[in-house]
Amino acid sequence: MNPFQHSALARKGAFCNRKKELREIRRSMENGDRAFIYSERRLGKTSLVKLALSGLPKEEFLGAYIDLWPTDDEESFIIAMARGISESLESKADKMLKSARQFFGAMAPSVTMDSDGKPTVTFAQRTASPGHPELRSILATPAIIAKKRKRRVVIVFDEFQRILEYDNDLVERTLRSVIQEQSEIAYIFLGSRRHLIRSMFLDQNRPLYRAGTHYPLGPIATEHWIPYIRSRFRKTDREIASAVIKELCAMTDGHPFYTQHLCHVLWEMSDPGTVISADNLQAALGLVLERESYAYTVLWESLGTNQQRFVTGLAHEPPGTQVYSADFIARYRLRSPASAQRVVQTLLERDVIDHAEGSFVLTDRIFGAWVRQSALLP
């Protein structure tokens, strides 16, 4: 079986390093902290936090994971939170339904089985009026559960930046008000739009300004990838030199998803007994680019001319390039710093780029290789 995972949540054995991060996240949970953990997409923060949750002693802690990605307003937030809490309390359908009725009876819960036979809680849909006391009630539930179950509670909100897209800031304001009174409950806020998450707790005009510690999650250093990658190839009767691994990490910037993806394809293309070379790595990259060519072409054609020029610049220049410098603007014909700033804002909103070390980086590391290979000149 291919030892490199990239298309699903990582399990414990699939992590490369992250020991320090795991320790600190678990400590935040144990201490009842409020922590904002943010990173680029696909950097593994959800897997990491779920691993931290799973490591807490079950007799002492209850951990609820709440995915806010499907939500778009106050009502869907309430339902997502009620579902996440209910499903964290019990694993069996009958007990899950009993707990859901105990804490969220007014929402008419029911339990169904998903395609994998796993019980899932659903609630009757209602129209919630703005400022409905139901919101404050749902946010007060973790403290009630902690008291009744005599266990400490950890609440994880994933894709937390979604609440910025609601019609108003009622959820944000109410959340700030309620969690100030819940010193015994740990809150972990995850976000994959780093500029939005940062603005939520660093902008003094936002309700959650300085409401917790912030923890940016970055790529993994090459020194940690080398033993990880080598051991996984070796266990499946393949050898790979440190120099080849360094070249691979340079292609991916140590981003976990793209590093695992490229390793997955490299393993797929090799036979037992193989000594993997730099040529094999280039062939694997070529196969990934071939598979992704259609998606990258669609993305490229959706960009305006100035956006294409900016992306070309990021793909060709070294990390940390100052994109507002006169040299960068002249080389990639961006007209002016103001024009470059408008391009940056649009590309950030579309998740094509992200902040990195005082500059910007293409969020899809392999897309940069495609741009360079395609030699596109807008």
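A quick note: this is a predicted structure, and the numbers were derived from the prediction, not measured. (Residues numbered from 1 in each chain as written. Predicted model: local features only at pLDDT ≥ 70, side-chain atom pairs only at ≥ 80, totals over all residues. Heavy atoms only, no water.)

1. Overview of the overall build of the chain
Thought 1: Broken down by element type, the chain carries 15 helices and eleven strands.
Thought 2: Over its C-alpha atoms the chain spans a radius of gyration of 23 Å, differing by no more than 12% from the 21 Å that the globule rule assigns to 378 residues.
Thought 3: In the chain, buried positions account for 49% of the 378 residues.
Thought 4: Here the chain has roughly 18,200 Å² of accessible surface; of this, 50% comes from carbon and sulfur atoms.
Thought 5: Taking the average place of the 51 positive charges on the side chains of the chain and the average place of its 45 negative ones, the gap between the two points comes to 4 Å. (Helix = DSSP H or I, 4+ residues; strand = E, 2+ residues; numbered from the N terminus. Rg over C-alpha atoms; globule rule 2.2 N^0.38 Å. Buried < 20%, exposed > 50% of the residue type's maximum accessible area, 1.4 Å probe, protein only. Areas by Shrake-Rupley, 256 points an atom, 1.4 Å probe, with all protein chains shown as cover. Lys, Arg positive; Asp, Glu negative; His and termini not counted. Charge placed at Lys NZ, Arg CZ, Asp CG, Glu CD.)

2. Here we look at the pattern of salt bridges
Thought 1: Inspection of every chain in the model, using the stated rule, returns 14 salt bridges.
Thought 2: E21 serves as the salt-bridge partner of R18, at 3.1 Å between the closest nitrogen and oxygen.
Thought 3: By relative accessible area, R18 is classed as buried at 5%.
Thought 4: E172 serves as the salt-bridge partner of R206, at 2.4 Å between the closest nitrogen and oxygen. Placement of R206 in the loop between α7 (194-202) and β7 (213-216) and of E172 in helix α6 (residues 170-179) is noted, with a sequence separation of 34 residues between them.
Thought 5: A residue is classified by how much of its surface remains accessible, and R206, at 26% relative accessible area, is partly exposed.
Thought 6: Several salt bridges converge on common partners, so that one network encompasses E40, D253 and R365. (Salt bridge = Lys/Arg side-chain N within 4 Å of Asp/Glu carboxyl O.)

3. Things to note about the sheet that holds β7
Thought 1: As summarised here, the arrangement of the five strands in space is β2-β5-β6-β1-β7, forming an open sheet in which the pairing is parallel. Taken across any chain shown, the strands that pair with only one partner, and hence form the sheet edges, are β2 (61-67) and β7. Recorded for the sheet is a direction-independent mean angle of 15 degrees between the axes of neighbouring strands.
Thought 2: Where β2 meets strand β5 (residues 152-158), seven bridges bridge the pair, whose relative direction is parallel. Following the sheet pairing, L62 is matched in β5 by V153. (Pairing = 2+ DSSP bridges. Axes fitted to C-alpha atoms, helices over the stretch in contact; angles between N-to-C directions.)

4. Some points on α6
Thought 1: Within α6, seven of the ten residues are buried, which leaves it mostly tucked inside the rest of the structure.
Thought 2: When α6 is considered as a whole, its buried residues turn out to be L170, V171, E172, T174, L175, V178 and I179.

5. Some details on the pairing of strand β4 (residues 119-123)
Thought 1: Only one face of β4 is covered, namely the face carrying P119, V121 and F123; the face carrying T120 and T122 is uncovered.
Thought 2: The pairing of strand β3 (residues 109-113) with β4 spans five bridges and is classified as antiparallel. Bridged to T112 within β4 is T120.
Thought 3: Following β3, the chain reverses through five residues before pairing antiparallel with β4; G117 in that reversal takes a positive phi of roughly 80 degrees.

6. Observations concerning the packing of aromatic side chains
Thought 1: Under the defined criterion, the tally for this structure stands at 19 aromatic pairs.
Thought 2: Measuring from centroid to centroid gives 5.9 Å for F157 and F160, while their planes differ by 35 degrees, and the two rings are tilted. Like F157, the residue F160 is buried in the burial classification.
Thought 3: Feature note: the residues F36, F77, F157, F160, Y187 and F189 constitute an aromatic cluster, connected by ring pairs.
Thought 4: Directly above the aromatic system of Y65 lies the positively charged group of K50, at a separation of 4.1 Å from the ring centroid. (Phe/Tyr/Trp six-rings, centres within 6.5 Å; stacked < 30°, edge-to-face > 60°. Lys NZ or Arg CZ within 6 Å of the ring centre and 35° of its normal.)

7. Focus: the packing of helix α3 (residues 74-89) against helix α4 (residues 93-104)
Thought 1: Running from N to C, α3 and α4 cross one another at 135 degrees; their axes reach a closest spacing of 8 Å. In terms of axis orientation, α3 runs oblique to α4. Between α3 and α4 lies a crossing of right-handed hand. Across the interface between the two elements, A82, I85, S86, E87 and L89 of α3 pack against M96, S99, A100, F103 and F104 of α4. (Parallel < 35°, antiparallel > 145°, perpendicular 65-115°, else oblique. Left-handed = near helix turned anticlockwise from the far one by under 90°. Contact = heavy atoms within 4.5 Å.)

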